[in-house]
Amino acid sequence: MEGEMDSAGFTEFGKAMIDYVTKYLENIRDRRVLPTVEPGYLRPLLPDSAPLKPDRWEEVLEDVEKVIMPGITHWHSPRFHAYFPTANSYPSIVADILSGALAVIGFTWISSPACTELEVVMLDWLGKMLDLPPEFLSCSGGKGGGVIQGTASEATLVALLGAKARTLAQVKKEHPEWTDYEIISKLVGYTSAQSHSSVERAGLLGGVKLRHLEPDSESKLRGDTLERAMKEDREAGLIPFYVVATLGTTSSCAFDRVDEIGPVCIENNVWLHIDAAYAGSSFICPEFRYLMKGIEKADSFNFNPHKWMLVNFDCSTMWLKDPSWLVDAFNVDPLYLKHDQQNSAPDYRHWQIPLGRRFRALKLWFVMRLYGIENLQKFIRKHVALAHHFESLVRDDERFEITAEVVLGLVCFRLKGSNELNEKLLKRINANGVIHLVPSKINGVYFLRLAICSRFSEEEDINLSWNEIKMNADEALKEECKE
Ligand SMILES: *Cc1c(COP(=O)(O)O)cnc(C)c1O
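As a starting point, this report considers the structure included with it.

### Re the overall build of the protein
Okay, so step 1: When helices and strands are tallied, the protein shows 14 helices and 11 strands.
Okay, so step 2: Since a compact globule built from 483 residues should have a radius of gyration of about 23 Å, the 24 Å found for the protein is in line with a globular shape.
Okay, so step 3: The principal-axis extents of the C-alpha atoms in the protein amount to approximately 70 × 65 × 45 Å.
Okay, so step 4: Taking all 483 residues of the protein together, the buried fraction comes to 52%.
Okay, so step 5: The contacts of the protein with a sequence gap of at least 6 include a subset with a gap of at least 24, amounting to 73%.
Okay, so step 6: Working note: accessible area of the protein is about 22600 Å², and carbon and sulfur atoms make up 55% of it.
Okay, so step 7: In the protein, 54 positive and 68 negative side-chain charges are present, and the distance between their average locations comes to 1 Å.

### Observations regarding the packing of aromatic side chains
Okay, so step 1: Taken as a whole and assessed by the stated rule, the structure comprises 16 aromatic pairs.
Okay, so step 2: Relative to Tyr 83, the ring of Trp 75 has its centre 5.2 Å away and its plane inclined at 15°; by these criteria the two rings are stacked.
Okay, so step 3: Overall, Tyr 83 belongs to the partly exposed group, its relative accessible area being 40%.
Okay, so step 4: Relative to Phe 303, the ring of Phe 301 has its centre 6.4 Å away and its plane inclined at 45°; by these criteria the two rings are tilted.

### Digging into the pattern of salt bridges
Okay, so step 1: Scanning all chains against the criterion turns up 30 salt bridges.
Okay, so step 2: One salt bridge connects Asp 461 with Arg 79, and the closest N-O pair in it is separated by 2.9 Å. A residue pair is termed long-range when its members are at least 10 positions apart, and Asp 461 in helix 14 (residues 459–482) and Arg 79 in the loop between helix 2 (57–68) and helix 3 (90–102) qualify at 382 residues. Side by side, Asp 461 and Arg 79 carry an identical accessibility label, which is buried.
Okay, so step 3: Residue Lys 382 is joined to Glu 458 by a salt bridge in which the shortest nitrogen-to-oxygen separation is 2.8 Å. A residue pair is termed long-range when its members are at least 10 positions apart, and Lys 382 in helix 12 (residues 361–395) and Glu 458 in the loop between strand 11 (445–451) and helix 14 qualify at 76 residues.

### Things to note about the pairing of strand 5 (residues 271–275)
Strand residues, when the strand is regular, have side chains that alternate between the two faces of the sheet.
Okay, so step 1: Counting buried positions along strand 5 gives 5 out of 5 residues, so the element sits mostly inside the fold.
Okay, so step 2: Here strand 5 shows a buried face lined by Trp 271, His 273 and Asp 275 and a second buried face lined by Leu 272 and Ile 274.
Okay, so step 3: By the bridge criterion, 5 bridges tie strand 4 (residues 239–246) to strand 5 in an arrangement that is parallel. Paired with Tyr 242 across the bridge in strand 5 is Trp 271.
Okay, so step 4: The parallel pair strand 4 and strand 5 is bridged by helix 9 (residues 258–267), and the resulting crossover is right-handed.
Okay, so step 5: Here 3 bridges tie strand 5 to strand 6 (residues 300–303), and the two strands are oriented parallel to one another. Bridge pairing links Ile 274 to Phe 301 in strand 6.

### Structural notes on the site of the ligand
Okay, so step 1: Near the ligand there are 14 residues, and of these Ala 152, Ser 153, Asp 275, Asn 304 and Lys 307 occur at the shortest range.
Okay, so step 2: A distance of 2.7 Å separates an oxygen atom of the ligand from a polar atom in the backbone of Ala 152.
Okay, so step 3: Within the contact set of the ligand, an oxygen atom lies 2.5 Å away from a side-chain nitrogen or oxygen of Ser 153.
Okay, so step 4: When the ligand is considered free in solution it has 390 Å² of accessible area, and contact with the protein chains removes 88% of it.
Okay, so step 5: Only helix 5 (152–174) and helix 10 (305–308) provide two or more residues apiece to the shell around the ligand.
Okay, so step 6: Of the residues belonging to the shell around the ligand, the class tally is 3 nonpolar, 9 polar and 2 charged.

Each value, and the rule that gives it
- Residues numbered from 1 in each chain as written.
- Predicted model: local features only at pLDDT ≥ 70, side-chain atom pairs only at ≥ 80, totals over all residues.
- Heavy atoms only, no water.
- Helix = DSSP H or I, 4+ residues; strand = E, 2+ residues; numbered from the N terminus.
- Rg over C-alpha atoms; globule rule 2.2 N^0.38 Å.
- Buried < 20%, exposed > 50% of the residue type's maximum accessible area, 1.4 Å probe, protein only.
- Contact = heavy atoms within 4.5 Å.
- Areas by Shrake-Rupley, 256 points an atom, 1.4 Å probe, with all protein chains shown as cover.
- Lys, Arg positive; Asp, Glu negative; His and termini not counted.
- Charge placed at Lys NZ, Arg CZ, Asp CG, Glu CD.
- Phe/Tyr/Trp six-rings, centres within 6.5 Å; stacked < 30°, edge-to-face > 60°.
- Salt bridge = Lys/Arg side-chain N within 4 Å of Asp/Glu carboxyl O.
- Pairing = 2+ DSSP bridges.
- Right-handed = clockwise from strand over helix to strand, strands pointing away.
- Near = heavy atom within 4 Å.
- Polar contact = N/O pair within 3.5 Å; in protein donor to acceptor, adjacent residues only side chain to side chain.
- Nonpolar A, V, L, I, M, F, W, Y, C, P; charged D, E, K, R; others polar.

Shown next as structure tokens:
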């Protein structure tokens, strides 16, 4: 087609982009982690409408630096400590180029057999790396298996829908006179008051009640709390059907007591889903697997390699012991999606909410092969060590306190004193823009969270972040004295 980029143009543009990306990532420390732009900054930098005639790619690339970069928060800078990490690695970026070139939509086996089959095998590889119970793995020959979802939020919703279908089928057998609507209105799910907001959202989207239970003083949801709540609800005529336990909460990286919760779920015939979005990656190291004790009692398990295992967004891996509840719940089978090989391989469209799906298993394959398990483990261990290094810097300054046990790559800390003082401290830090943190609050206590995020982070970077925090603390305390 006239005016279309030809293959020579693609090669040139592609190479230039690879060079640009390499320079960007290798020099990311030189950029201010937070942008200084104001809302609406971008529109004036662009023409009012799309160009009638094609621009040159060189012009587009120049505009990336002029228009886009000023409005980027640099998530891969070692100065970025907000939220949790999002992953990034060269093998993963290259895999996404290939996925973009193949551009297949793998909703059924026949729509691209490699897309489905590589995903099945990669989820087995990864499941073995975490030492998941064999019932979750496809290679064990049972019903179980894994799937790549876009996000942990989708995994939580999909598991909820599977749990809903399972309970609906069971209750209907016992009470054939009850309508679906009557049963659904009695369903109740449970999670900790400190679980991620996406769990509450799954309840809203799934049209069921979800109760938030208080965790213990270490932010762990306990088995007896859950048991009491289920008993209360049963006595009130409700039907417990779903529990989401978190391994590594977003606020403070706390671990619900799955070893206590699991038996309660089995006793009550309730689906247990585990959200290990961040912490799950650490289970590739044997020394962190004590944190997932009791996982064999769960029905589904999910974590995000796109957070902490060097696979670029989006790649949220989920395993189910019995995916048939999902497949049955979501099974609509129009003629144009039927094929002769149905039932010999999973048709992943039944395991997820959208129909379309990208070839995301390529990223997992490239990353696992080009790092090797050993280097992925080293990466996790390095981040945990850097978190403990930061923890010791904080502990050595008696103006500060650590507010939660440091288990993985997150450190929760605050200045001894009021919430207000800590709010002022954080405001100063983020206004300076040298480093970036976000706060959280547990039981009314406001604290700062420092997550080790970048794969470029070294001890000197952590020292720099600490100095920036100390300097702002000096100022905040000085100001408080004046008041
Ligand atoms: C980050 C996080 C989520 C949300 O992950 P998405 O993949 O963005 O949906 C859910 N739960 C926990 C514990 C998280 O840390």
